[in-house]
Amino acid sequence: MLPKNSHEEGRWDRNMALLIILITCFVIILATSQTCQTPDNFVAATSPGHVMIGGLFAIHEKMLPSEEYPRRPEIRKCVGFEISIFLQTLAMIHSIEMINNSTLLSGVKLGYEIYDTCTEVTVAMAATLRFLSKFNFSEEIVEFKCDYSSYLPRVKAVIGAGYSEITMAVSRMLSLQLMPQVSYESTAEILSDKIRFPSFLRTVPSDSYQTKAIAHLIQKSGWNWIGTITTDDDYGRLALNTFAIQAAANNVCIAFKEVFPAFFSDNTIDFRINQTLEKIIAEAQVNVIVVFLRQFHVFNLFNKAIERNINKVWIASDNWSTSTKIATIPNVKRIGKVVGFTFRRGNMSSFHSFLQNLHLLPRDNNKPLREYAMLLSACAHVKDSDLSQCIFNHSLGTLANTALERSVSLRNDFLWDYTEPGAVHSIQLAVFALAYAIRDLCQARDCQNPNAFQPWELLDVLKNMTFTDGKNSFHFDANGDLNIGYDVLLWKEINGHMTITSLAEYDLQKDIFIFADQDTKNEFRNLKQIESKCSKECSPGQMKKTTKSQHTCCYECVNCPENHYTNQTDMDRCLVCNNETHWAPVRSTTCYEKEVEYLDWNDSLAILLLGLSLLGILFVLAIGIIFTRNMNTPIVKSSGGLTVCYVILLCHFLNFASTGFFIGEPQNFTCKTRQTLFGVSFTLCISCILMKSLKILLAFSFDPKLQNFLKCLYRPVPIVFTCTGIQVVICTLWLIYAAPVVEENVSLPRVIILECEEGSIIAFGTMLGYIAILAFTCFIFAFKGRKLPENYNEAKFITFGMLIYFIAWITFIPVYANTFGKYLPAVEIIVILISNYGILCCTFFPKCYVILWKQETNTKSAFLKMIYSYSSHSAGILAMSHASLDSANSSITMVNPRIDGKSDAFEKSKDLQTQACAHLHRENSSRLSKTLPRKRISSI
């Protein structure tokens, strides 16, 4: 029987425990699910005071929808108890108690009325109506007035709300009475507009700073292909729009933009989360996702992401970056890295002490505290890591079969772990700001009297005063914002637990990240190891070429063309080198300075040409010596005498010397000298040779008409000076009006050619053309005398010399026109050398040959013998010509009595022949010279 009794006793104990649990849960549900019956029942927490401050906190995540039809306009019960928001409520209470316990407001006590918005705009609007209702009036009524200057509402100011969507709606109502509203968490940029929200202030920066900081972080980490997830409300849309602008400014592209329903009560949330996760999986190249969501959105998103093994970098907004509830999700490390932004934290020691003594706080007028205590009782058996979820589930009415501990603590350490330092500090600043403004107002007023000041007066003081948190001073800017900066957070696994650590500080004004030590700086740099790009990075020397995609971050990498470069990665375009001074090859990372080139003295071609010039000068000197030593020989005298030879040799010497001015670094002096020296000296040389051609032709011409013409033309000195003078005038005008100058030719891609710019192509061409005219005239005269006595006839060799000159300079024109670079002067040097050598060799080498190796022909007898032979031949030709003329003219009456069949030329030829024969039979050379015609001998 004992076993049976023991068995029944155990079953009875279990039934009693189950009954106790059900009764307890019923009490909890009944206590937490009562709908609003009276306005006082609507208040979450209250405490009396001389100056009342309102508070709006979303302690519950949603309000249960009505199941009645038609739907009634009633405030229903709220479910989903949020520990983090509950702690924010406690932060406001603690801050007000700090002020009341200090000497800041001597004799004036702050009171509060805190309402739970249940994350619903309609509930927040109902609370706002109560804030605006008339103070100390039996009926909850908001009076309509044209002027609210003397209107006395229930509260003097409002702290909250947290969500921007709710804050905007509340602010529009509070602006009717210009009641100060100080938000601790609403960051929507639009709230900075003082025209639409004149009574709104906040103790946190605008989202414009947060989005800028996030875009800067992404850009610093080398990411440019990201995704975004936001809520479908004013906060989410505005944050996304601002971030898109900041991202574009930092060359960051948004691959996808997913939007979640704003409120937890929306039944499509799960569907949208699954759809977003599918998008994230599809966009494999997107490894960074910026999340502007509320905590309950992220909580559900991460739970499903863990199931699908999605590993990314998540950029957290201030809404959830410090959420312990999310950080304690089982296996949360599998989602990847979380980098977040939160508000600057302050001194938390006082609040920590407050939490340690939370059990001393009265619960009579604090429904959230009572609810927390009861929910904690239901979850007393749960460890801290699961406690938040247990409380949340119980507040939804989901109960578990767990034993009830009758003696429960408030588990202060658990609350401390869920505390968000940034949010707590912002709430403290909001209370301190109001307290300091009230202090300034109450210096000349009795603020124990509710009528001491109106809300709009408090607003005016609040906008312009400075307050402190005991360490730092603060003041609101023109937009009502408190730009205190951000802390950058990194979620790291430490000892098996996800820990939220500080990574850096973000300075709003300087737009920089400030690191506490080198370790945190290295952790920040390590983020670059994660790639999130649409296209591979273009290396230096390449540029991005956009593809057909609408995103600029999707591109191909193409090499920079010649004379272009890029010195950084992922540059949009190649930079252009200064073509005048620099160059760059294909795919270059920098510009290279162009080398300056000219025909240098060390150049092999220049050395060769200089050697040829020096050889020519040696030839000139050698010829001058030979002619000087044989100055009395017929061959020298027949060349025009020693003076003419010296002049021609000097011209050749100057021509050879002028080539030196074409080599070396060009200077203005050398540019002007080289063409002028060559032009004048060569002209003088051709002029002298022209006179020699005339002299030879005159000496051996037997045509009376031609001889008379040549006698009139032959004036050696005037003609030489005239021909040379014309060239001097041409060169002088050239130097005066368009002188050659040094010029940098930058048209070549890699070098700068330092060259002489001729100044005037017309002048240059005129100089060369004039020389060509003289040379052609000389050629004609020499060609006429090409059949004169062979040993002493220069005409044939002058003809060859002029031909060489013409061939060289005719070839020079196209070659010069098509040659480019530092060897252009070498072309002219070569032509000068060819023409100079040609004339020198043809003019003097045959004579030197006769002087040195044909000395027997370099005598007067040999000379006269050659004349005799030539004269005999010429006389025979003339006789035959006149015989034919006599037979042709036999029938013509003689008109001229002197014509007897023989001309004067024939007689002269016969006389010359007779005299030459007589000389051959005489041994006395002096007598021979007397019998020959003086005039003819001298002309020869």
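See the structure above.
As the structure is a computational prediction, the values presented were derived from the model and not from experiment.

Student: With reference to specific residues and values, describe the sheet that holds strand β27 (residues 751–757).
Tutor: Sheet strands associate in pairs through backbone hydrogen bonding, adopting either a parallel or an antiparallel arrangement. The strand order across the open sheet formed by three strands is β25-β27-β26, and the pairing between neighbours is mixed. The open sheet terminates on both sides in strands that have one partner only, identified here as β25 (595–597) and β26 (741–745). Pairwise comparison of adjacent strand axes, ignoring direction, gives a mean angle of 30° for this sheet. Bridging between β25 and β27 involves three bridges; their strand directions are parallel. Each bridged residue has a counterpart across the sheet, and for Glu597 the counterpart in β27 is Ile753.

Student: Give a description of the sheet that holds strand β2 (residues 51–57) that names residues and reports values.
Tutor: Taken in spatial order, the six strands make up an open sheet running β1-β5-β2-β6-β7-β8, and their pairing is mixed. At either margin of the open sheet sits one strand with a lone partner, and together these are β1 (45–47) and β8 (200–202). Direction aside, the axes of adjacent strands within the sheet are offset by 20° on average. Set on the sheet, helix α3 (residues 83–100) makes contact with β2, β5 (110–116) and β6 (157–159); between it and β5 the angle comes to about 170°.

Student: Could you give me a rundown of the packing of aromatic side chains, with the residues and numbers involved?
Tutor: If you walk through the whole model with that rule in mind, you get 35 aromatic pairs. Consider the rings of Phe779 and Phe806, whose centres lie 6.3 Å apart with planes at 90°: the pair is edge-to-face. Linking Phe779 in helix α24 (residues 761–784) with Phe806 in helix α25 (residues 795–818), this pair joins segments that are 27 residues apart in sequence. By relative accessible area, which is 16% here, Phe779 ends up buried. The exposure class of Phe806 is buried, given its relative accessible area of 16%. Centre to centre, the rings of Phe812 and Tyr816 are 4.7 Å apart; their planes meet at 40°, and the pair counts as tilted. Taken together, the residues Phe812 and Tyr816, both in helix α25 and four residues apart, mark about one turn of the helix. In this structure an aromatic cluster arises from ring pairing among Phe678, Phe682, Trp734, Phe764, Phe776, Phe779, Tyr805, Phe806, Trp809, Phe812 and Tyr816. Here Lys156 stacks its cationic end above the ring of Phe453, 4.9 Å away from the centre of that ring. Here the basic side chain of Arg294 rests over the ring of Tyr163, its NZ or CZ set 3.9 Å away from the ring centre.

Student: Account for the state of the cysteines, with residues named and values stated.
Tutor: Overall, the coordinates contain nine disulfides when judged by the stated rule. What pairs with Cys253 in a disulfide is Cys553, and their sulfur atoms sit 2.0 Å apart. Between Cys253 and Cys553 the disulfide shows an S-S torsion of about 85°. By sign, it is right-handed. Of this pair, Cys253 sits in strand β10 (residues 253–260) while Cys553 sits in the loop between β19 (542–546) and β20 (555–559), and the two are 300 residues apart along the sequence. Relative accessible area serves as the criterion here: at 7%, Cys253 is assigned to the buried category. In this model, Cys538 is linked to Cys557 through a disulfide, with the two sulfur atoms separated by 1.9 Å. Handedness of the Cys538-Cys557 disulfide follows from its S-S torsion of about -95°: it is left-handed. With Cys538 in the loop between α17 (518–526) and β19 and Cys557 in strand β20, this residue pair connects regions lying 19 residues apart in the sequence.

Student: How would you sum up the packing of helix α18 (residues 604–629) against helix α20 (residues 642–658)? Please name residues and give values.
Tutor: Where α18 contacts α20, the axes come no closer than 9 Å and their chain directions differ by 170°. Judged on the interaxial angle alone, α20 and α18 are roughly antiparallel. Where α18 abuts α20, its residues Ser613, Gly616, Ile617, Val620, Ile623, Gly624, Phe627 and Thr628 lie against Leu642, Cys645, Tyr646, Leu649, His652, Phe653, Phe656 and Ala657. Among the residues making up the contact of α18 with α20, the classes are represented as 11 nonpolar, five polar and no charged.

Conventions and cut-offs
- Each residue is numbered by its place in its chain's sequence as written, counting from 1.
- Residue-level local features of this predicted model are given only where pLDDT is at least 70; pairs of side-chain atoms are given and counted only at 80 or more, and the full residue set underlies all totals for whole chains, interfaces and linings.
- Working from all heavy atoms in the structure, the side-chain values ignore hydrogens and water.
- Whether two strands pair depends on DSSP finding at least two bridges between them.
- Each helix is a run of H or I in the DSSP string that is no shorter than four residues. Each strand is a run of E no shorter than two, and both are numbered from the N terminus.
- Axes here mean lines fitted to C-alpha atoms, for a helix over just the part in contact, with angles spanning 0 to 180 degrees between N-to-C directions.
- By definition in these notes, contact holds between two residues if any of their heavy atoms fall within 4.5 Å.
- Pairing of aromatic rings covers Phe, Tyr and the six-membered ring of Trp, with a centre-to-centre limit of 6.5 Å; geometry is then stacked below 30 degrees between planes, edge-to-face above 60, and tilted otherwise.
- Per-residue accessibility, obtained with a 1.4 Å probe over protein chains only, is compared with the maximum for each type, and a residue is labelled buried under 20%, exposed over 50%, and partly exposed between these values.
- Distance and angle both matter: a charge sits over a ring if NZ of Lys or CZ of Arg is within 6 Å of the ring centre and within 35 degrees of the ring normal.
- By definition, disulfides here are pairs of cysteine sulfur atoms that lie within 2.5 Å.
- Should an angle fall under 35 degrees it is called roughly parallel, over 145 degrees roughly antiparallel, and 65 to 115 degrees roughly perpendicular, with every other angle called oblique.
- Side-chain classes are defined by residue name, with Ala, Val, Leu, Ile, Met, Phe, Trp, Tyr, Cys and Pro counting as nonpolar, Asp, Glu, Lys and Arg as charged, and the others, Gly among them, as polar.

Everything listed is a geometric property; what it means functionally is a separate question.
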